[in-house]
Amino acid sequence: MPLPMSPLDSMFLLGESREHPMHVGGVEIFQLPDGADTYDMRAMLDRALAEGDGIVTPRLAKRARRSFSSLGQWSWETVDDIDLGHHIRHDALPAPGGEAELMALCSRLHGSLLDRSRPLWEMHLIEGLSDGRFAVYTKIHHAVADGVTAMKMLRNALSENSDDRDVPAPWQPRGPRPQRTPSKGFSLSGLAGSTIRTARETVGEVAGLVPALAGTVSRAFRDQGGPLALSAPKTPFNVPITGARQFAAQSWPLERLRLVAKLSDSTINDVVLAMSSGALRSYLEDQNALPAEPLIAMVPVSLKSQREAATGNNIGVLMCNLGTHLREPADRLETIRTSMREGKEAYGSMTATQILAMSALGAAPIGASMLFGHNSRVRPPFNLIISNVPGPSSPLYWNGARLDAIYPLSVPVDGQGLNITCTSNDDIISFGVTGCRSAVPDLKSIPARLGHELRALERAVGI
C-alpha cells in the first residue's frame with residue numbers, strides 16, 4: 001500500500017528537472033586489506049549481487065509514485081523485487097588513476113538524474129586508483145535521505161572490526177526486523193487527557209510563534225545571527241544554474257582545526273566556516289567579483305546540547321555572516337564566531353516547533369527558487385549553504401577494507417550554484433565542494449584556497 005510522502009520530500013521531487021538534479025552523494029575511498037586486491041572486492045560485491053535476490057534495506061526499496069487516485073500527490077511504494085544490476089555498477093578510472101580523474105568521474109555521475117521508475121539510488125564501485133585503493137560513489141535522492149541520514153546509513157553498513165569478513169553489502173538489510181510494541185489498549189480517560197494536553201501545547205506554540213517571529217525579523221534587520229538574513233549581496237554563485245556539475249575535494253587532519261578552535265575560543269564548525277570564508281574571498285577577488293558586503297551562508301546546525309532534555313528534534317538553520325569584507329583571517333573568524341553564537345542564543349529561548357518554523361522562514365526563498373526558478377532581480381536570501389556533517393569517530397571497515405576518506409557531494413540549486421559540505425572520518429576532516437560548471441568555472445581551485453586559509457588561521461592564533 002502506498003505511503004503518503006511528506007511535503008518536504010515532495011518538494012525535492014517537484015523541484016527536480018534535467019538542469020536541477022536533487023540527489024546527495026558521497027565518495028568513499030577504501031584501503032585494501034593485506035593480501036587483497038580490487039578484484040577480491042569486486043568478487044565480493046558480485047557474489048552479493050548474485051545471492052541478494054533483489055532484497056534491499058527498506059529505505060532503499062521505496063519508489064516515488066503519484067496517480068489519479070492520489071490526486072497527483074507523491075507517495076512511496078515499496079518495490080519487492082529490485083533490479084540490483086541497475087543500481088549497482090562498476091566503473092574504472094583512466095590513467096594515471098589519481099584523485100583528479102576520480103573527481104572528474106564523480107562530477108559526471110553526480111550530474112545525471114536518477115531513474116524515477118525505480119528506487120532512487122545508485123552505487124558505483126570504482127577501480128583503477130593508482131595507489132591500489134578503490135572508491136565507491138553513492139547517490140541517493142534528497143527525497144529519500146538527507147546528508148545526515150545518508151551518513152548514518154554508511155556507518156550502519158560498515159564494521160568497527162577490521163577482522164570481520166561477514167559484513168553484508170551496503171544495500172542489504174541487517175539484523176532482525178524490529179518487533180512491534182504491544183498495544184496498551186484503549187482508554188477513554190487517557191485519550192481525553194492526551195487531547196487536552198495536545199490542545200494546551202498547540203495553543204502555547206501558536207502564541208509563542210508571534211514573539212519568535214518578531215525577534216527573528218528584528219535580528220535580521222540588525223544584521224545579527226539567526227535563521228533569517230536580509231543583507232546577502234549578489235555574487236556569481238547566485239544565478240540560474242545548469243545540470244552540469246563540477247566537484248573537488250581535499251582532506252586535512254582534524255586536530256589542526258581542533259587546535260585553532262581551542263586557541264581562538266571557537267568551535268570546529270566556526271573554523272570550517274572561517275576556512276570557507278577565506279577561500280570564497282580569495283576566489284571572488286580573483287574573479288573581480290568580491291562584493292563590499294559580507295557573504296551570508298546558510299548553516300544547518302544541531303542544537304542537541306541545548307535542548308536534548310526537552311525535545312528529540314534539534315535541527316535548525318542559521319544564517320552566518322562570513323565576514324568576507326574583512327582582510328584579516330582573525331577578524332573573519334571573530335565575526336563568524338559572534339554570528340553563530342547570536343543565532344544559537346536566539347534558538348535557546350525557542351521550542352522545537354518555533355525553531356522549525358523560523359528555519360522554514362529563512363529557507364523559504366530557496367524552496368520557491370526550486371519550484372519556480374531563480375529570479376535574478378531579487379536579492380538572494382543567502383549566498384551558499386555550508387554544512388558540517390558529523391562522520392564516524394573511529395575507523396570503519398568493509399570486510400577488512402579500511403575507510404580512508406569520505407567526500408560529500410551536495411545539491412546546488414537554482415540561485416545557489418555552489419555548496420561546501422565537510423565531514424569527519426576518524427582523525428581527518430574532508431571538504432567536498434560541489435558546483436554548477438558555468439556558475440563556478442574555477443571550482444577546482446577552492447580546496448587549495450581552503451588549505452591556504454587554514455594555514456593563515458594557524459598563524460593568526462600563534463601556531
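Residues numbered from 1 in each chain as written. Predicted model: local features only at pLDDT ≥ 70, side-chain atom pairs only at ≥ 80, totals over all residues. Heavy atoms only, no water.

**Student:** Please provide a residue-by-residue account of the overall build of the protein chain, values included.
**Tutor:** Each helix and strand in the protein chain was counted, giving 12 helices and 15 strands. Summarising the internal contacts of the protein chain: among those between residues at least 6 apart in sequence, 77% fall at separations of at least 24. (Helix = DSSP H or I, 4+ residues; strand = E, 2+ residues; numbered from the N terminus. Contact = heavy atoms within 4.5 Å.)

**Student:** So what's going on with the sheet that holds strand S1 (residues 3-4)? Which residues, and what values?
**Tutor:** Read from one edge to the other, the open sheet built from 3 strands follows the order S1-S4-S3, with strand pairing classed as antiparallel. Unpaired on one side and paired on the other, S1 and strand S3 (62-65) mark the two borders of the sheet. (Pairing = 2+ DSSP bridges.)

**Student:** Talk me through the packing of helix H10 (residues 329-348) against helix H12 (residues 446-460); I want residue IDs and the actual numbers.
**Tutor:** In contact at an axis separation of 9 Å, H10 and H12 are set at 90° when each is read in the N-to-C sense. Classified by the interaxial angle, the pair formed by H10 and H12 is roughly perpendicular. The residues of H12 that touch H10, namely those facing Pro329, Ala330, Arg332 and Leu333, are Glu453, Ala456, Leu457 and Ala460. Class assignment for the residues of the contact of H10 with H12 results in 6 nonpolar, no polar and 2 charged. (Axes fitted to C-alpha atoms, helices over the stretch in contact; angles between N-to-C directions. Parallel < 35°, antiparallel > 145°, perpendicular 65-115°, else oblique. Nonpolar A, V, L, I, M, F, W, Y, C, P; charged D, E, K, R; others polar.)

**Student:** Before we move on, could you go through the pairing of strand S15 (residues 428-436) and cite the residues and values that matter?
**Tutor:** Burial within S15 is extensive, with 9 of its 9 residues counted as buried. Going residue by residue along S15, you find Ile428, Ser430, Gly432, Thr434 and Cys436 tucked away on one face and Ile429, Phe431, Val433 and Gly435 tucked away on the opposite face as well. With 8 bridges joining them, strand S14 (residues 418-425) and S15 adopt antiparallel strand pairing. If you follow threonine 421 over to S15, its bridge partner there is glycine 432. The loop that links S14 with its antiparallel partner S15 comprises 2 residues; one of these, aspartate 426, has a positive phi angle of about 60°. (Buried < 20%, exposed > 50% of the residue type's maximum accessible area, 1.4 Å probe, protein only.)

**Student:** How would you sum up the packing of aromatic side chains? Please name residues and give values.
**Tutor:** Inspection of the entire model under this criterion finds 3 aromatic pairs. The aromatic ring of tryptophan 76 is capped on one face by lysine 62, whose charged end is 4.5 Å from the ring centroid. (Phe/Tyr/Trp six-rings, centres within 6.5 Å; stacked < 30°, edge-to-face > 60°. Lys NZ or Arg CZ within 6 Å of the ring centre and 35° of its normal.)

**Student:** Describe unusual backbone geometry, naming the residues involved and giving the relevant values.
**Tutor:** Put simply, alanine 95 and proline 96 share a cis peptide bond, and its omega is 5°. On the secondary structure map, proline 96 appears in the loop between strand S5 (88-92) and helix H4 (99-110). Look at aspartate 265: it is not a glycine, yet its phi comes out positive at around 55°. Its location among the elements puts aspartate 265 in the loop between helix H7 (254-263) and helix H8 (268-286). Of note, asparagine 288 is a non-glycine position whose phi angle comes to about 55°, a positive value.

**Student:** Could you give an account of the pattern of salt bridges, naming the residues involved and the relevant values?
**Tutor:** Within this structure, the stated rule accounts for 21 salt bridges. Note that arginine 281 is salt-bridged to glutamate 285, the shortest N-O span being 3.4 Å. Of the two residues, arginine 281 and glutamate 285 are both situated in helix H8; the distance of 4 residues between them amounts to about one turn of the helix. Of the residues examined, glutamate 285 reaches a relative accessible area of 36% and is grouped as partly exposed. (Salt bridge = Lys/Arg side-chain N within 4 Å of Asp/Glu carboxyl O.)

**Student:** Which residues make up the nonpolar core, and what values go with them?
**Tutor:** As a rule of thumb, nonpolar side chains are buried together in soluble globular proteins. Within the largest apolar cluster, 57 residues are counted, with the highest numbers of intra-cluster contacts made by Phe30, Val56, Trp121, Phe134, Trp171 and Trp398. In terms of residue count, the dominant contributor to this core is helix H2 (residues 38-51) (4 residues). In this structure phenylalanine 30 touches Arg133, Phe134, Val136, Leu158, Trp398, Ala401, Arg402, Leu403 and Asp404, once residues within four positions along its chain are discounted. If you look at the next biggest cluster of nonpolar residues, it comprises 48 residues, including Ala212, Val260, Leu273 and Leu295. (Core = buried A, V, L, I, M, F, W, Y, C linked by side-chain atoms within 4.5 Å.)

**Student:** Tell me about the pairing of strand S13 (residues 401-409), residues and numbers included.
**Tutor:** With 8 of 9 residues buried, S13 is to be regarded as a mostly interior element. Bridge analysis of strand S12 (residues 397-398) against S13 gives 2 bridges, and the strand direction is antiparallel. For tyrosine 397, the partnering residue across the bridge sits in S13 and is arginine 402. Counted along the chain from S12 to the antiparallel partner S13, the turn is 2 residues long, and its residue asparagine 399 has a positive phi close to 50°.

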